[in-house]
Amino acid sequence: MSSILTNNGAMVALRTLGSVNDDLEMTQTAISTGKEIGTASDNSAVWAISKTMESDVAGFEAIEDGLAVGEATVAVASAGAEQIVEKLTEIKELIVSAQSETTDHATVQEDIASKVAQVEAIIGAAQFNGANLLKEEIDGSNTQLGVLASLDREGAGSGGTITAVEITVASVAFDTSLDLATDLTTITDTTTAGTALTEIEGFLQTAIAGAAALGASSARLSDQADFVGNLVDSMTLGISAMTDTDMEEASARLTALQTQQELAIQSLTIANEGPSTLMQLFR
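Cut-offs and rules
Numbers given for residues are sequential positions, taken from 1 along each chain in its written order. Residues qualify for local features only when their pLDDT is at least 70, as the model is predicted, and side-chain atom pairs are given and counted only at 80 or more; totals for whole chains, interfaces and linings, by contrast, use all residues. The side-chain values count all of the structure's non-hydrogen atoms but skip hydrogen atoms and water molecules. A run of H or I in DSSP counts as a helix once it spans at least four residues, and a run of E counts as a strand once it spans at least two, with each numbered from the N terminus. C-alpha atoms define the radius of gyration in this analysis, and the globule rule sets the expected value at 2.2 Å times the number of residues to the power 0.38. Burial classes follow relative accessibility: with a 1.4 Å probe on protein chains only, a residue under 20% of its type's maximum area counts as buried, one over 50% as exposed, and anything between as partly exposed. Contacts are residue-level and defined by heavy atoms, with any inter-residue pair within 4.5 Å sufficient. Accessible areas in this description were obtained via Shrake-Rupley with a 1.4 Å probe; residue shielding takes into account the shown protein chains only. Counted charges follow a simple rule, with Lys and Arg positive, Asp and Glu negative, and His plus the chain ends left uncounted. In this description, the location of a charge corresponds to atom NZ of lysine, CZ of arginine, CG of aspartate or CD of glutamate. Counted as a polar contact is a pair of N or O atoms within 3.5 Å, where, for protein atoms, one must be capable of donating a hydrogen and the other of accepting one, and residues adjacent in sequence contribute only when both atoms are in side chains. For helices, the axis comes from a line fit to the C-alpha atoms of the stretch in contact; other axes are also lines fit to C-alpha atoms, and the angle between any two N-to-C directions lies between 0 and 180 degrees. Throughout, the term roughly parallel applies to angles under 35 degrees, roughly antiparallel to angles over 145, roughly perpendicular to angles from 65 to 115, and oblique to all others. Side-chain classes follow a simple rule in which Ala, Val, Leu, Ile, Met, Phe, Trp, Tyr, Cys and Pro form the nonpolar group, Asp, Glu, Lys and Arg form the charged group, and the remainder, Gly included, forms the polar group. A cavity, in this analysis, means grid points on a 1 Å lattice covering only the protein atoms where a 1.4 Å probe fits yet has no way out; a pocket is instead an open set bounded by protein on both sides within 12 Å along at least five of seven lines, and a residue lines either one if it has an atom within 4 Å of a point. Grid points are joined across faces, edges and corners, and a volume is the space filled by probe spheres set on the points.

Visitor: Explain the overall build of the chain residue by residue, including any values.
Guide: Broken down by element type, the chain carries seven helices and two strands. Against the compact-globule benchmark of 19 Å for 283 residues, the chain has a radius of gyration of 38 Å, which places it well outside the compact range. Referenced to the eigenvectors of the C-alpha coordinate spread, the extents of the chain come out at roughly 140 × 35 × 20 Å. Counting across all 283 residues of the chain, residues that qualify as buried make up 31%. In the chain, of all internal contacts separated by at least 6 residues, the share reaching a separation of at least 24 is 75%. Accessible surface for the chain amounts to roughly 15,900 Å². Of this, 55% is attributable to carbon and sulfur atoms. Mean positive and mean negative side-chain charge positions of the chain (11 and 41 charges, respectively) differ by 13 Å.

Pasting the structure below:
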């Protein structure tokens, strides 16, 4: 039955055209912005997950900066500790040479005093950004350096919990354990040289242990920085996979929708011409 009051074909064509136009607008927006899911209305569940991950990425990027500072602080102290080991080795050589009766003990002691002063200077100068891990109190109060290393998330969404994880680097306290000026016997003869040899061996082992500990901490911070960098890259790729527009797919969809739009317009045109054909029935 045909009616001049209700054009069912035009209604169907109009609804189809409206739907195609909506899809076409969404596709054009996705192409222009590069985001298939840019707002919560696009897909609330995926949008919420992506925003949580983006906040974590921002946190890990801040952690990368903190790890870089921590790594530099430990690296400075580690370099200083290794230099101290070298100076203590040189002092040990001088003390060994003083075991002979023919050695000029006064001259040896002067050389030792000079190197002891160098050790003290290294301990005092091995600081980065005000933190000196060679001293017992690295910044005037704390005895260890805490470096934020990770954010551990357990659970998803509002029900999840997030915990900050630190890498702790203890000071090696060389200012107290390597007090050579006070605790190393002054060499005046072979007897005092023998005593000093025993003492310097203990100091040397203390310095070696401290340098090794700082080196291990430096390596750990470097490894953690590499891990966090890779983690940020992986999370960024994951967010991209969830929310970014697949441009090849969007291009194909745009072409298809443009074709559907043209056909819907033609269908609406044909449907709108329907009532005019009824005039032929009355001629």
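Visitor: Describe the side chain of Thr-103, listing the residues and the values that go with them.
Guide: Tracing the chain through its elements places Thr-103 in the loop between α2 (44–97) and α3 (105–125). With relative accessibility at 19%, the residue Thr-103 sits in the buried group. Side-chain polar atoms of Thr-103 contact the backbone oxygen of Ser-97, separated by 2.6 Å. Ignoring any residue separated from it by four or fewer positions in sequence, one finds Thr-103 in contact with Ser-97, Ala-98 and Val-108.

Visitor: Lay out the packing of α2 against α3 in plain terms, naming residues and giving numbers.
Guide: Running from N to C, α2 and α3 cross one another at 170 degrees; their axes reach a closest spacing of 10 Å. Considered as vectors, α2 and α3 are oriented roughly antiparallel to each other. Each of Gly-80, Gln-83, Ile-84, Lys-87, Glu-90, Ile-91, Leu-94, Ile-95 and Ser-97 in α2 lies in contact with α3, whose residues at this interface are Val-108, Asp-111, Ile-112, Lys-115, Val-116, Gln-118, Val-119, Ile-122 and Ile-123. Each residue belonging to the contact of α2 with α3 can be placed in one class, and the counts come to ten nonpolar, four polar and four charged.

Visitor: Would you mind going over the layout of surface pockets in detail, with residue names and values included?
Guide: Each pocket or cavity is described by its volume, and for the largest pocket that value is around 250 Å³. Sorting elements by how many residues they give to the lining of the largest pocket places helix α1 (residues 8–33) first, with six residues. Its residues placed into classes, the lining of the largest pocket shows three nonpolar, six polar and five charged.

Visitor: So what about the environment of Ala-207? Which residues, and what values?
Guide: Counting through the fold element by element, Ala-207 comes out in helix α6 (residues 190–243). Considering only alpha carbons, one finds Ala-207 and Ala-121, 86 residues apart in sequence, at a separation of 15 Å. Not counting the four nearest positions on each side in its chain, Ala-207 is found in contact with Ile-84, Val-85, Leu-88, Phe-174 and Leu-178.

Visitor: For unusual backbone geometry, give the residues involved together with the corresponding values.
Guide: For Asn-129, which is not a glycine, the phi torsion comes out positive at approximately 55 degrees. Within the fold, Asn-129 resides in the loop between α3 and β1 (144–154). Exposure remark for Asn-129: the relative accessible area of 68% places this residue in the exposed category. With a phi close to 55 degrees, Ala-173 is a non-glycine residue in the positive phi region. Its place among the elements puts Ala-173 in the loop between β2 (161–170) and α4 (174–177). Residue classification places Ala-173 among the buried positions, given a relative accessible area of 15%.

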